[in-house]
Amino acid sequence: MEVLQRREHPLDKVIEVPADNSQHDLFYKAQQFHEGIRKGLWETELYLLERTVVGPLKDRSIVRDHFSGNDREMIMMGGNDYLGLGSDPRLAEAAIEAIRKYGTGTHGSSILTGQTDLHLALEERLAHMVGCEAATLFTSGYAANLGIISSLAGEGDAVINDTINHASIIDGSRFSGATFRTFKHNNVKHLEKVLQECQAEYQGSLVAIDAVFSMDGDIAPVPEIAELARHYGARLMIDEAHSTGVLGEHGWGSCEYFGLEGKVDLVMGSLSKGVGVLGAFVAGPKEIVHFIRINARPRIFSYSLTAAHVAAILKALDIIEQEPERRANLWRNINYMHRELRNLGFDIGNPHSAIIPVMVRSDKKLWPMGRMLQEMGIFCNVIAYPAVAPEKTRIRLSLRATHSMADLDETLYAFEKAGKAAGLI
Ligand SMILES: Cc1ncc(COP(=O)(O)O)c(C=O)c1O
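What you see is a predicted model, and the numbers here were worked out from it, not measured in a lab.

Participant: Which parts of the structure should I look at to understand the overall build of the chain?
Facilitator: Looking only at helices and strands, one finds 15 helices and 14 strands in the chain. Dimensions along the principal axes, computed over C-alpha positions, put the chain at roughly 65 × 55 × 45 Å. Per-residue burial for the chain yields a buried fraction of 52% across its 425 residues. Pairs at least 24 apart in sequence give 66% of the contacts found in the chain among residues at least 6 apart. With an accessible surface of roughly 19900 Å², the chain has 53% of that area assigned to carbon and sulfur atoms. Taking the 44 positively charged and 54 negatively charged side chains of the chain as two groups, their mean positions are separated by 2 Å.

Participant: How do you make sense of the side chain of aspartate 162 when you look at a structure like this?
Facilitator: Its place among the elements puts aspartate 162 in strand β5 (residues 158-162). The charged side chain of aspartate 162 is buried without a salt bridge, its nearest counter-charge being lysine 392 at 9.5 Å. Of the polar contacts made by the side chain of aspartate 162, one reaches the backbone nitrogen of isoleucine 164; its length is 2.9 Å. Ignoring any residue separated from it by four or fewer positions in sequence, one finds aspartate 162 in contact with Phe183, Lys184, His185, Asn186, Ala208, Ile209 and Phe213.

Participant: Looking at this model, I keep getting lost on a nonpolar patch on the surface. Mind explaining?
Facilitator: Together, Phe33, Ile37 and Leu46 give the surface a local cluster of nonpolar side chains, amounting to about 200 Å² of exposed area. Within the secondary structure, phenylalanine 33 is located in helix α1 (residues 28-38).

Participant: Even after reading the chapter, I still don't get the sheet that holds strand β11 (residues 355-359), so can you show me in this structure?
Facilitator: In a beta sheet, neighbouring strands are held together by backbone hydrogen bonds and run either parallel or antiparallel to one another. Spatial ordering of the open sheet is given by β11-β14-β13, a layout of three strands whose pairing is antiparallel. The sheet terminates laterally at β11 and β13 (381-383), the two strands that pair on one side only. On average, each strand axis in the sheet is tilted by 30° relative to the strand beside it, whichever way the strands run. Inspection of the sheet shows β13 paired to strand β14 (residues 394-398) by three bridges, in the antiparallel sense. Bridge pairing in β14 links valine 382 to isoleucine 395. The strands touched by helix α14 (residues 363-375) within the sheet are β13 and β14, with β14 carrying the most contacts at an inclination of about 35°.

Participant: Any chance you could explain the layout of surface pockets here in plain terms?
Facilitator: Think of a ball as big as a water molecule: rolled over the atoms, this probe shows where empty space is left. Considering only enclosed or pocket space, the second largest pocket measures out at about 410 Å³ in volume. What lines the second largest pocket is a set of 18 residues, among which Ile164, Asn165, Met215, Ala387 and Val388 lie closest to the centre. Residues belonging to the lining of the second largest pocket are distributed by class as follows: 10 nonpolar, five polar and three charged. Here the lining of the second largest pocket spans two domains, since at least three of its residues come from each of domain 1 (39-76 + 325-422) and domain 2 (89-322).

Participant: How should I be thinking about the pairing of β11 in this particular structure?
Facilitator: Where a strand is regular, its side chains alternate between the two sheet faces. Of all five residues that make up β11, five are buried, and the element is covered over most of its length. Pairing of β11 with β14 involves five bridges; the strand directions are antiparallel. In the strand pairing of β14, valine 358 is matched with isoleucine 395.

Participant: Help me understand the side chain of serine 214 in this model?
Facilitator: Structurally, serine 214 is set in the loop between β7 (205-210) and α8 (222-231). What makes serine 214 buried here is its relative accessible area of 6%. Among residues more than four places away in sequence, those in contact with serine 214 are His166, His242, Ile355 and Arg396.

Participant: Quick question: what am I supposed to make of the pattern of salt bridges here?
Facilitator: Where charged atoms from two side chains of opposite charge come close, those side chains can pair. Counted under the stated rule, the structure contains 27 salt bridges. Across the pair aspartate 65 and arginine 72 runs a salt bridge whose closest N-O atoms are separated by 3.5 Å. Its relative accessible area of 3% is what places aspartate 65 among the buried residues. Between arginine 90 and glutamate 323 there is a salt bridge, with the nearest N and O atoms lying 2.8 Å from each other. Note that arginine 90 is positioned in helix α3 (residues 89-102) and glutamate 323 in the loop between α12 (307-322) and α13 (325-344), a separation of 233 residues in sequence. For arginine 90, a relative accessible area of 34% gives the class partly exposed. By relative accessible area, which is 16% here, glutamate 323 ends up buried. Connected through salt bridges with shared partners, the residues Arg60, Glu73, Asp407 and Glu410 form a single ionic network.

Calculation rules
- Residues numbered from 1 in each chain as written.
- Predicted model: local features only at pLDDT ≥ 70, side-chain atom pairs only at ≥ 80, totals over all residues.
- Heavy atoms only, no water.
- Helix = DSSP H or I, 4+ residues; strand = E, 2+ residues; numbered from the N terminus.
- Buried < 20%, exposed > 50% of the residue type's maximum accessible area, 1.4 Å probe, protein only.
- Contact = heavy atoms within 4.5 Å.
- Areas by Shrake-Rupley, 256 points an atom, 1.4 Å probe, with all protein chains shown as cover.
- Lys, Arg positive; Asp, Glu negative; His and termini not counted.
- Charge placed at Lys NZ, Arg CZ, Asp CG, Glu CD.
- Salt bridge = Lys/Arg side-chain N within 4 Å of Asp/Glu carboxyl O.
- Polar contact = N/O pair within 3.5 Å; in protein donor to acceptor, adjacent residues only side chain to side chain.
- Patch = residues over 30% accessible without salt bridge, like charges linked within 9 Å, V, L, I, M, F, W, Y side chains within 5 Å.
- Pairing = 2+ DSSP bridges.
- Axes fitted to C-alpha atoms, helices over the stretch in contact; angles between N-to-C directions.
- 1 Å grid on protein atoms, 1.4 Å probe; cavity = no way out; pocket = protein on both sides within 12 Å on 5 of 7 lines; lining within 4 Å.
- Points joined across faces, edges and corners; volume = space filled by probe spheres on them.
- Nonpolar A, V, L, I, M, F, W, Y, C, P; charged D, E, K, R; others polar.
- Domains from an automatic or database assignment.

As structure tokens, this is what we get:
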């Protein structure tokens, strides 16, 4: 039998491929990767990924620092707990109370056993919050995007993606079996061209976009996109993962920000970021949401959020409503950091959210800069390929309402030092 030629793997460039047959073993790429680790090739990268927080996830957290081997305090610029709700004792109390009442698990998918009256109350509240008829829950944003898109789109349809959409929208589009189309980032002219083609070629079309883009922090021109989708008979789904709790007068996302409540076909919102807990939801017309609720595979074939999660989310929504000063503080911090990072000479693109990309554009500079920041006590995300294109590597900051001015100034000081050392400023 003829032996197939092995596909090239990116690691082949750095590690010699043995001539024997071992390369045809499925485990070979993992073994090859670990050979790289043994040779010390990715020590910095590995130490800056998969870091471990020891204790509460707060504005300053104790992090296991693999470089020094010690647990030490770092300013948390990595997690997306935008309103600082994740470590609020009121959420913890609500979760504990729910565990006492409902137990620790839900023991089934929502469609079979995994739904309580608390789940239904939350769904109703979420729908009301974003001005839609109905909403339904998912255990994560990833599951939501997979489930929403694949329950609506299929063979013969098209899903039209912004090129820098979050991986979960892209994976959901591919998983659906519909034709995968893209338009240039935030380019409505290009979207119109793609919509014209799709109108002629496919049964149904779904335009799916991030409202705030997770790596760039910029915002989509939602009103123009909604108008175009309507004009060409396509449906629109927006992912509010990074705008829930952040954008709009009450923090209900980009639809509120643009005055489009109830006017976008489907709104996917996150409960893990601005809301500080876990999970996601989709909101829209009652019949469509009901269809998704009983057809989305991640809802049917996977267990639901626990009552503890749901109770903590409900408490977080109370706090978001009662404490608008949190959002005001967040925006004070956002505006301050945008201005000061630009004043230092960094390229931060065009963000309009709590996500700030500090562009590095070079793998060679990226990892040493990330390491230096960590050594100065700043925990931020080092973003490399495949999360972004190799020429668009960056350090990403995620701001919080609860970061103090001292947190921000220490971060700026460290960025100035690291940016100079890397030759960025
Ligand atoms: C835009 C966007 N959508 C969806 C997700 C997935 O959400 P989750 O982490 O809840 O799975 C993310 C995640 O990080 C995201 O940035």
